[in-house]
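Coordinate analysis (summary)
This is what each chain is made of:
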Amino acid sequence: MYKRQVLRDATEYSIQEGVETIDFFEWLEKGSKALDGVEPANWPLESVSRYLTSIYDGVNRKQFLQHPGVVQALRAREGARGFKSTTLGEEAEFASEAIAREIDAVLNNAKPNSVLTQAGNVSDALRTLKASSDLGAGMIQGLPLLFRNPVIWGKGMLDSVDAFARGPYKRARYIRDNIDDVLEFIENGGLMGSTEFTESLAGGGLLAKLPHAVREATMFNRYSNSFETFLDLSKVELYKSMKVGRRPDELRDLALHVNKMLGTISSKAMGIGRTQRDFERAFILFSPRYTRAMTSLLIDGFKGGIKGKDARTAMTSMAMGGMIAHRAFAEVLGQEPNFDPSKPHFMQVEIGGVWVGIGGKMRSFYRTLAKIDTKIGKGEVGDFLSWNIFNAEDYFKNPILQFARGNAAPGVGSGLNLITGQDAIGQLIPDRDPSGFVGYAGGELLPFFLSSFFQSGGTLAQKTGAAAGDYFGLQSSTPSQKDVLNNLKDAHSQTMFGRDWKNLSKEDQFEVSKANPDIDLQQEKASEEDYSYSRQRENVDYFK
């Protein structure tokens, strides 16, 4: 019961003081009265070890270990004889050799490689800058929830906007008022708190070291509160709604399933070591945990039992709900739905000259699988052996390599662009044009929605529309010169023959081109065009 009281005290403190995070020190200080009546020997060692690990990852562990409550708890566990921890040296003594060894094991497993850790911290900061400065969580991480339980999704979005406007109070009050459900969710393996998209603002992160005034002026804190409030509250509410009728021994699988649905799996809990985790976030993937969560959810769909059933329900709901929504919007707008993931504008509709549709990691998987299937169908399996990351041609040949490049860690993808002179789909980097290169480099540091505005083609209204779509988590792109060409061909074909260009014979197409010289002029523009960065966003899904 002491944990519940401490957490209640801490959330009350958060509400009253307006603090952004609640760490274990605040739990101890504000919950000291609640702990007075608790025998320190009854403190569970596994909980202390878990806290030590999190503290070691970025907060002052010496301060933690010097806290009288922690020292007393550790010393009181098993006896009078003290043993020094080899990891901690003179900082602390423990009650028994067994405890000292267990704590050493926890800390040694978490001990960071300084180079990898610093590289990972830079990557975390870039990830937060690009991917968390918007209100898109509901249409990206929350997309499976939208089609699984739209009521909880809608409530989560309202809470997210409330947190953006008023700060961390919403989440703190929710934890206080739902303490038993929150702790049950966590004790069964549920995850709450900062994610990989916001951890640079947590203790030890580079952005957390910025002055408070700077973080407020840039609205980093507001976006972080909004992002985490949506995920945390949605996970607990989904867990509460799905646990009805389940046996106690099924609740852990349920909590883990909820984690995966909202893209917040724990690599540490899966037994992946600190060095590998740092390497992944620094050099391999834009969002390792989110990618691992969606991949794990996909794999679970092929398993039996309640775990497999939950995963299949989530994926089926998302696929069917997405298709129904896309068809409905297409019919309202008088357009043909596009359910072919191998074609451009997959599950997108055109609104005001801007292509808009749902995003999400699953969409990225589907598009890559479709490209792989097309390669196999054409007998081009040899292209899968093209793995030279410094050769631009290999990215055109190998869709798996292209997927990996598009999902590369922040900074790594930009570095490969400079080395190869092109992005993953052939967009030339303007390295010979100073002004163009400055615009490109600046766009690499901007949030995705601002990059979309500055690097997209089209009119001002179209660029604004694409940026607005990205801001709310949609997959948006402005028309390319090829799109303009196709629309022009269709317009002239309709005028002359009453049919679209693709439905004309070769002879009729020649007649249309001959009678309308503007088609040839636009053809030249399309041939010279390097796909716009908005088109890059359409073809290569980063974290989305």
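Values in this document were obtained by computation on a predicted structure and should not be read as measured data.

When you go through the protein chain residue by residue, the secondary structure sums to 29 helices and five strands. Relative to all contacts within the protein chain whose residues are 6 or more apart in sequence, the contacts with residues 24 or more apart total 64%. Split by element, the accessible area of the protein chain, about 25100 Å² in all, is 57% carbon and sulfur.

Here strand 3 (residues 348-351) pairs with strand 4 (residues 354-357) via four bridges, running antiparallel. Note that in strand 4 the partner of Ile351 across the bridge is Val354.

Moving on: unusual backbone geometry. Non-glycine residue Met219 carries a positive phi angle of around 65 degrees. Note that Met219 resides in the loop between helix 13 (212-217) and helix 14 (220-242).

As a further point, take the packing of aromatic side chains. Considering all chains together, one arrives at 10 aromatic pairs under this definition. Aromatic pair Phe185 and Tyr239: ring centres 5.3 Å apart, planes at 55 degrees, arrangement tilted. A residue pair is termed long-range when its members are at least 10 positions apart, and Phe185 in helix 12 (residues 179-187) and Tyr239 in helix 14 qualify at 54 residues. Given the relative accessible area of 0%, Tyr239 is considered buried. Seen from their ring centres, Phe365 and Phe403 are 5.8 Å apart, and the 40 degrees between their planes marks the pair as tilted. You can see Phe365 sitting in helix 19 (residues 361-377) and its partner Phe403 sitting in helix 21 (residues 399-406), a full 38 residues away along the chain. Note on accessibility: Phe365 and Phe403 belong to one class, buried. An aromatic cluster is present here, built from Phe164, Tyr223, Phe449, Tyr471 and Phe472 joined pairwise through their rings. Above the ring of Phe453, the side-chain terminus of Lys463 is found at 5.4 Å from the ring centroid.

Look at helix 26 (residues 481-497) against helix 27 (residues 506-515): their axes get within 10 Å of each other, and the N-to-C directions meet at 105 degrees. When the axis of helix 26 is compared with that of helix 27, the two are roughly perpendicular. Along its contact with helix 26, which presents His492, Ser493, Met496 and Phe497, the element helix 27 presents Asp508, Glu511, Val512 and Ala515. Taken together, the residues that form the contact of helix 26 with helix 27 break down as four nonpolar, two polar and two charged.

Two elements in contact, helix 24 (residues 448-455) and helix 25 (residues 460-471), have axes separated by 8 Å at closest approach and are oriented at 165 degrees. Considered as vectors, helix 24 and helix 25 are oriented roughly antiparallel to each other. Of the two possible hands of crossing, helix 24 and helix 25 adopt the one that is right-handed. For the pair formed by helix 24 and helix 25, the contact residues are Phe448, Phe449, Ser452, Phe453 and Phe454 on the first element and Leu460, Lys463, Thr464, Ala466, Ala467, Asp470 and Tyr471 on the second. Grouping the amino acids of the contact of helix 24 with helix 25 by side-chain chemistry returns eight nonpolar, two polar and two charged.

Right, let's talk about the layout of surface pockets for a bit. By volume, the second largest pocket is sized at about 900 Å³. If you trace the second largest pocket, you find 23 residues lining it, with His345, Trp355, Asn486, Asp490 and Lys502 closest to the centre. Contributing elements (two or more residues each) for the lining of the second largest pocket: strand 3 and helix 26. Looking at the lining of the second largest pocket element by element, the count peaks at six residues for helix 26.

A few words on the side chain of Asp181. Mapping Asp181 onto the fold places it in helix 12. Not counting residues up to four positions away in its chain, the partners in contact with Asp181 are Val236, Lys240 and Lys243.

Our focus in this paragraph is the sheet that holds strand 4. Spatially, 3-4-5 is the arrangement adopted by the three strands of the open sheet, whose pairing is antiparallel. Across the chains shown, the open sheet's two edge strands, defined by having one partner strand only, are strand 3 and strand 5 (475-477). Pairwise comparison of adjacent strand axes, ignoring direction, gives a mean angle of 25 degrees for this sheet.

A rise of 1.5 Å per residue sets the reference length of helix 25, with its 12 residues, at 16 Å; its end C-alpha atoms lie 16 Å apart and thus fit the reference within 8%. For helix 25, the set of buried residues is Gln462, Lys463, Ala466, Ala467, Gly469, Asp470 and Tyr471. Of the residues flanking the end of helix 25, it is Gly473, one or two places downstream, whose phi is positive at about 85 degrees.

How each quantity is defined
- Residues numbered from 1 in each chain as written.
- Predicted model: local features only at pLDDT ≥ 70, side-chain atom pairs only at ≥ 80, totals over all residues.
- Heavy atoms only, no water.
- Helix = DSSP H or I, 4+ residues; strand = E, 2+ residues; numbered from the N terminus.
- Contact = heavy atoms within 4.5 Å.
- Areas by Shrake-Rupley, 256 points an atom, 1.4 Å probe, with all protein chains shown as cover.
- Pairing = 2+ DSSP bridges.
- Phe/Tyr/Trp six-rings, centres within 6.5 Å; stacked < 30°, edge-to-face > 60°.
- Buried < 20%, exposed > 50% of the residue type's maximum accessible area, 1.4 Å probe, protein only.
- Lys NZ or Arg CZ within 6 Å of the ring centre and 35° of its normal.
- Axes fitted to C-alpha atoms, helices over the stretch in contact; angles between N-to-C directions.
- Parallel < 35°, antiparallel > 145°, perpendicular 65-115°, else oblique.
- Nonpolar A, V, L, I, M, F, W, Y, C, P; charged D, E, K, R; others polar.
- Left-handed = near helix turned anticlockwise from the far one by under 90°.
- 1 Å grid on protein atoms, 1.4 Å probe; cavity = no way out; pocket = protein on both sides within 12 Å on 5 of 7 lines; lining within 4 Å.
- Points joined across faces, edges and corners; volume = space filled by probe spheres on them.
- Expected span 1.5 Å × (residues − 1).

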